[in-house]
Amino acid sequence: MAERVLSEDDVAARMPLWCALSDLFVDTQPRRQDYEAIARAAREGGLSEEQVRDILEREVFPAFAFNLMSIAGEWTGFDPGFVRERILRTLKRPRVTWFLSGGARKQFLAREWPRVRAAMDGQDPDLSEATVEPDPPILFGIGVLVIVGVLALVLGSL
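Residues numbered from 1 in each chain as written. Predicted model: local features only at pLDDT ≥ 70, side-chain atom pairs only at ≥ 80, totals over all residues. Heavy atoms only, no water.

1. Some thoughts on the nonpolar core
Within the largest apolar cluster, 35 residues are counted, with the highest numbers of intra-cluster contacts made by Trp-18, Phe-25 and Val-60. Elements represented by at least two residues in this core include exactly helix 1 (8-22), helix 2 (32-44), helix 3 (49-68), helix 4 (80-91) and helix 6 (102-120). Sorting elements by how many residues they give to this core places helix 3 first, with eight residues. The contacts of Trp-18, once residues within four sequence positions are left out, are Leu-6, Val-11, Ile-55, Glu-59, Val-60, Val-83, Arg-84, Ile-87 and Leu-88. (Core = buried A, V, L, I, M, F, W, Y, C linked by side-chain atoms within 4.5 Å. Buried < 20%, exposed > 50% of the residue type's maximum accessible area, 1.4 Å probe, protein only. Helix = DSSP H or I, 4+ residues; strand = E, 2+ residues; numbered from the N terminus. Contact = heavy atoms within 4.5 Å.)

So, in structure tokens, the structure goes:
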């Protein structure tokens, strides 16, 4: 996966969508209005469903997946400046974030993408809890090992 390089015009055009999509990563259940805001930002930006999915999967998810795993994550939404900087920083190291978020990305998209797509199609998103097939245990084990390794590095450097 190659690094994405965005012009300032690309960043400015994406900002409303990035901010709307980042609301899917706060520690509260997304509401219908959150999905409507995503659909509105996509419509106003002239973005197709395919482009929105690509932006969600390759730009926003890798930058904000950390909040889905945090015990004390963000509850009220992210500051637009933070959204911009976080995504641009993450786009500079796509291979690492893509690898580390594989299973979580699959589960997140299986749950959230149908809701986003429904809102984009002018329908009410199904906000009931979706059942998602868990990843095989080996992937969970690798994820645990990676987390333990990162923690050991961080704690060892203190």
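Next comes the rest of the description.
2. Observations regarding helix 4
Under the 1.5 Å per step criterion, the end-to-end length of helix 4 is 17 Å for 12 residues, consistent within 8% with the ideal 16 Å. Regarding helix 4, the residues found buried are Val-83, Arg-86, Ile-87, Leu-88, Thr-90 and Leu-91. (Expected span 1.5 Å × (residues − 1).)

3. Observations regarding the pattern of salt bridges
Under the counting rule described, the total for this entry stands at 10 salt bridges. Residues Asp-34 and Arg-31 are paired through a salt bridge, measuring 3.4 Å at the closest nitrogen-oxygen approach. Its salt-bridge partner being Glu-36, residue Arg-32 comes within 3.2 Å of it at the nearest N-O pair. Taken together, the positions of Arg-32 and Glu-36, both in helix 2 and four residues apart, correspond to about one turn of that helix. The class for Glu-36 is partly exposed, based on a relative accessible area of 33%. Where salt bridges share partners, they join Glu-8, Arg-84 and Glu-85 into one cluster. (Salt bridge = Lys/Arg side-chain N within 4 Å of Asp/Glu carboxyl O.)

4. Observations concerning the confidence of the model for the protein chain
Of all residues in the protein chain, 75% attain a pLDDT of 70 or more, and the chain-wide mean is 82. Here helix 5 (residues 94-100) stands out as the element of the protein chain with the lowest mean pLDDT, 56, in contrast to helix 2, whose mean of 97 is the highest. (pLDDT = per-residue confidence, 0-100.)

5. Section: the packing of helix 3 against helix 4
Contact geometry of helix 3 with helix 4 gives a least axis separation of 9 Å together with a crossing angle of 105°. What the angle tells us is that helix 3 and helix 4 run roughly perpendicular. Contacts between helix 3 and helix 4 pair Arg-58, Glu-59, Val-60, Pro-62, Ala-63, Phe-64 and Phe-66 from the former with Phe-82, Val-83, Arg-86, Ile-87, Thr-90 and Leu-91 from the latter. Across the contact of helix 3 with helix 4, the residue classes tally to nine nonpolar, one polar and three charged. (Axes fitted to C-alpha atoms, helices over the stretch in contact; angles between N-to-C directions. Parallel < 35°, antiparallel > 145°, perpendicular 65-115°, else oblique. Nonpolar A, V, L, I, M, F, W, Y, C, P; charged D, E, K, R; others polar.)

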